[in-house]
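# Topology and contacts: notes
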Amino acid sequence: MMNKNKVKKKKKLELNDKKLSKFSGSGQELVKLPKNFLHLGLCELRRDRIKNWTKVFKYGNKIYTQVGPESLNMYDKTILIDILRAFDDIENKEFKLKKDRELLKKVKENEEKALTLLDLMEKKGKEDGKDNLGQETASYYLFSTIKINFNEFCRKYVGASRGRRSNVIETIKRLLFTKTTCEEKIGNNFKEFATFHYLVDFGLHNGIASFTVSKQLRESAKNGLSIHYDTFKSIKSNIAKALYLFFIGNKNTTFSYSTIKDALGLNDEGFKNRELIKQGIEILKQSKFLKNYEIQNRTNDIHYILTYNLIDKDNKIKELQLVDDGNILRIQDFKTDVTDGDKTVTDGDKTVTDGDKTVTDGDKTVTDGEWEGQILELFP
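Thresholds applied
- Residues numbered from 1 in each chain as written.
- Predicted model: local features only at pLDDT ≥ 70, side-chain atom pairs only at ≥ 80, totals over all residues.
- Heavy atoms only, no water.
- Helix = DSSP H or I, 4+ residues; strand = E, 2+ residues; numbered from the N terminus.
- Buried < 20%, exposed > 50% of the residue type's maximum accessible area, 1.4 Å probe, protein only.
- Contact = heavy atoms within 4.5 Å.
- Areas by Shrake-Rupley, 256 points an atom, 1.4 Å probe, with all protein chains shown as cover.
- pLDDT = per-residue confidence, 0-100.
- Axes fitted to C-alpha atoms, helices over the stretch in contact; angles between N-to-C directions.
- Parallel < 35°, antiparallel > 145°, perpendicular 65-115°, else oblique.
- Nonpolar A, V, L, I, M, F, W, Y, C, P; charged D, E, K, R; others polar.
- Core = buried A, V, L, I, M, F, W, Y, C linked by side-chain atoms within 4.5 Å.
- Polar contact = N/O pair within 3.5 Å; in protein donor to acceptor, adjacent residues only side chain to side chain.
- Salt bridge = Lys/Arg side-chain N within 4 Å of Asp/Glu carboxyl O.
- Pairing = 2+ DSSP bridges.
- Phe/Tyr/Trp six-rings, centres within 6.5 Å; stacked < 30°, edge-to-face > 60°.
- Lys NZ or Arg CZ within 6 Å of the ring centre and 35° of its normal.
- Left-handed = near helix turned anticlockwise from the far one by under 90°.

## What about the overall build of the protein?
Check the secondary structure of the protein and you find 11 helices and 17 strands. Buried residues in the protein amount to 49% of all 380 residues. In the protein, 70% of the contacts between residues at least 6 apart in sequence involve partners at least 24 apart. A total of about 19,800 Å² of accessible surface is found on the protein, and carbon and sulfur atoms cover 46% of it.

In structure tokens, the structure reads:
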């Protein structure tokens with residue numbers, strides 16, 4: 001009995017020492033994302049912009065609808081992830097807004113600041129609670145904001161050259177004006193959640209950018225799924241980035257074509273989608289995220305079988321095996337959701353300009369004019 005117990009204990013220690021390459025990396029290299037919205041295909045994988053964009057995305061028993069003046073693509077999604085990473089690195093300033101009787105009165109009088117505050121609350125969507133104010137109650141909304149030199153954000157997080165920084169501004173505008181609604185089917189009924197915006201506000205003044213998101217988004221990210229930031233940024237293909245985000249959120253190692261197609265929002269059926277998925281998986285293999293993969297043509301559908309690399313405690317990829325039976329460790333053996341990779345940053349998307357001049361002054365470059373946000377004046 002004593003010998004058996006020792007063997008079991010040794011096996012448990014071995015399991016803790018060995019990780020899939022999908023699940024390695026230090027805490028400083030991680031960024032946490034809301035589980036559904038950034039890991040599923042809530043954007044277009046093609047670069048062509050669609051004006052007056054509406055995308056309906058069905059996954060499980062939920063239906064997501066995104067509406068914006070112009071479509072979001074993976075370039076925009078990547079910059080949103082860059083913004084969330086910046087929120088992890090920079091001290092957040094939190095603030096609270098109340099929708100009370102006095103504010104609504106000022107809104108009816110068309111007071112500019114009251115209209116601005118109401119707009120922020122509507123972009124946030126769901127209220128965070130209610131305050132008792134004597135004989136009445138007022139809904140309140142919680143926000144988080146950061147300030148950063150805009151050129152530092154573009155250089156350190158986006159990896160955008162000076163000539164491409166107007167692209168970043170255009171993406172920020174798209175994120176500001178794109179709203180998302182979620183419905184959940186429960187039996188024969190639908191439960192509708194409050195419409196919200198990923199980015200609630202943005203300001204740029206004297207080269208300093210301010211980003212504002214709802215505290216709910218930040219909390220959702222804290223409870224979400226981790227990705228290895230440098231690995232994600234090193235992937236140069238839109239389809240490979242989308243597959244990376246989807247695979248990170250799953251413990252399965254076998255996926256049908258229809259599952260991947262639906263998860264990525266590839267609505268147009270055809271041979272090109274299959275080639276696109278194969279291309280993305282091959283890029284993930286080249287990046288060492290995958291060790292290998294197999295494509296099987298089964299009677300009901302095409303299936304993709306993934307094999308992840310294993311990594312030792314020094315973060316070196318190798319084929320590690322269990323002591324007792326020699327079986328390769330599998331993905332479901334691990335609870336953590338950390339990934340690894342090499343650091344490379346790239347930028348993309350075609351250059352878009354809006355007529356504002358670019359002013360350069362070394363590291364104090366101010367790009368795309370002085371585009372004022374709404375909340376900026378509240379935080380001197």
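Still more ground to cover, so stick around.
## Looking at the confidence of the model for the protein
Model confidence for the protein is summarised by a mean pLDDT of 77, while 73% of its residues fall at 70 or above. Under a pLDDT of 50 for its full length, residues 6–18 has, in the predicted model, 16 contacts with residues more than four places off or in other chains.

## Focus on the environment of Thr 254
Note on placement: Thr 254 falls in strand S14 (residues 254–256). In this structure Thr 254 comes out as partly exposed when scored by relative accessible area, which is 33%. Residues Thr 254 and Thr 307, spaced 53 residues apart in sequence, show a C-alpha to C-alpha distance of 9.2 Å. Non-local contacts of Thr 254, meaning those with residues more than four positions away in its chain, are made with Arg 298, His 303, Tyr 304 and Ile 305.

## A word on the packing of helix H2 (residues 74–89) against helix H5 (residues 150–158)
Contact geometry for H2 and H5: axes closest at 10 Å, N-to-C directions at 105 degrees. Looking at the two axes, H2 sits roughly perpendicular to H5. Residues Ile 79, Asp 82, Ile 83, Arg 85, Ala 86 and Asp 89 of H2 form the contact with H5, whose own contacting residues are Phe 153, Tyr 157 and Val 158. Among the residues making up the contact of H2 with H5, the classes are represented as six nonpolar, no polar and three charged.

## What about the nonpolar core?
Grouped together as the largest cluster of nonpolar side chains are 73 residues, with contacts concentrated most on Phe 150, Phe 153, Val 168, Phe 202, Phe 211, Phe 247 and Leu 264. Those residues in contact with Phe 153 that lie beyond four places of it in its chain are Ile 79, Asp 82, Ile 83, Ala 86, Ile 148, Val 158, Val 168 and Phe 211. Membership of the second largest hydrophobic core comes to 12 residues, among which are Leu 103, Ala 114, Leu 118 and Tyr 141.

## Concerning the side chain of Asp 82
Topologically, Asp 82 is positioned in helix H2. Reaching out from Asp 82, the side chain makes a polar contact with the side chain of Tyr 229 at a distance of 2.6 Å. If sequence neighbours within four positions are ignored, Asp 82 has contacts with Phe 153, Tyr 157, Val 158, Tyr 229 and Lys 233.

## A few points about the pattern of salt bridges
For the structure shown, the criterion picks out 19 salt bridges. Among the ionic pairs, Glu 44 bridges to Lys 55, the shortest N-O distance being 3.8 Å. Here Glu 44 is found in the loop between strand S2 (30–33) and strand S3 (51–59), whereas its partner Lys 55 is found in strand S3, with 11 residues between them in sequence. Lys 55 shares its class with Glu 44; the two are buried. Here Arg 85 makes a salt bridge to Asp 89, at a shortest N to O gap of 3.4 Å. Residue Arg 85 and its partner Asp 89 are located together in helix H2, separated by four residues, close to a single helical turn. Taking relative accessible area as the criterion, Arg 85 reaches 11% and is therefore assigned buried. In this structure, a network of salt bridges that share partners links the residues Arg 49, Lys 51, Glu 70, Asp 76 and Arg 174.

## Section: the pairing of S3
In this structure, S3 lies alongside strand S4 (residues 62–70), joined through eight bridges in antiparallel fashion. When the sheet's bridge partners are listed, Tyr 59 is paired in S4 with Lys 62.

## A look at the packing of aromatic side chains
One pass over the structure, following the stated rule, counts 14 aromatic pairs. For the pair Phe 202 and Phe 211, a centre-to-centre distance of 5.1 Å together with 50 degrees between the ring planes defines the contact as tilted. With relative accessibility at 1%, the residue Phe 202 sits in the buried group. Taking the centre distance of 6.1 Å and the plane angle of 40 degrees together, the rings of Phe 232 and Tyr 244 count as tilted. A residue pair is termed long-range when its members are at least 10 positions apart, and Phe 232 in helix H8 (residues 229–234) and Tyr 244 in helix H9 (residues 238–248) qualify at 12 residues. In this structure, Phe 232 and Tyr 244 share a single accessibility class: buried. Put simply, the rings of Phe 150, Phe 153, Tyr 157, Phe 202 and Phe 211 touch in pairs and so form one group of aromatic residues. The aromatic ring of Tyr 140 is capped on one face by Lys 96, whose charged end is 4.1 Å from the ring centroid.

## Considerations on the packing of H2 against H9
When two helices pack together, their arrangement is given by the angle between the helix axes and by the axis-to-axis distance. One can describe the packing of H2 onto H9 by two numbers: an axis separation of 10 Å at closest approach and a directional angle of 50 degrees. The orientation of H2 relative to H9 falls into the category oblique. Judged by the sense of rotation from one axis to the other, the crossing of H2 with H9 is left-handed. Contacts between H2 and H9 involve Met 74, Lys 77, Thr 78 and Ile 81 from the former and Asn 238, Lys 241, Ala 242 and Leu 245 from the latter. Of the residues in the contact of H2 with H9, the class split is four nonpolar, two polar and two charged.

## Remarks on H9
Judged by how many residues are buried, H9 sits mostly within the fold: 10 of 11 residues are covered. Taken together, the buried positions of H9 are occupied by Ile 239, Ala 240, Lys 241, Ala 242, Leu 243, Tyr 244, Leu 245, Phe 246, Phe 247 and Ile 248. The opening residue of H9, the one whose side-chain oxygen lies 3.4 Å from the backbone nitrogen of Ile 239, is Ser 237.

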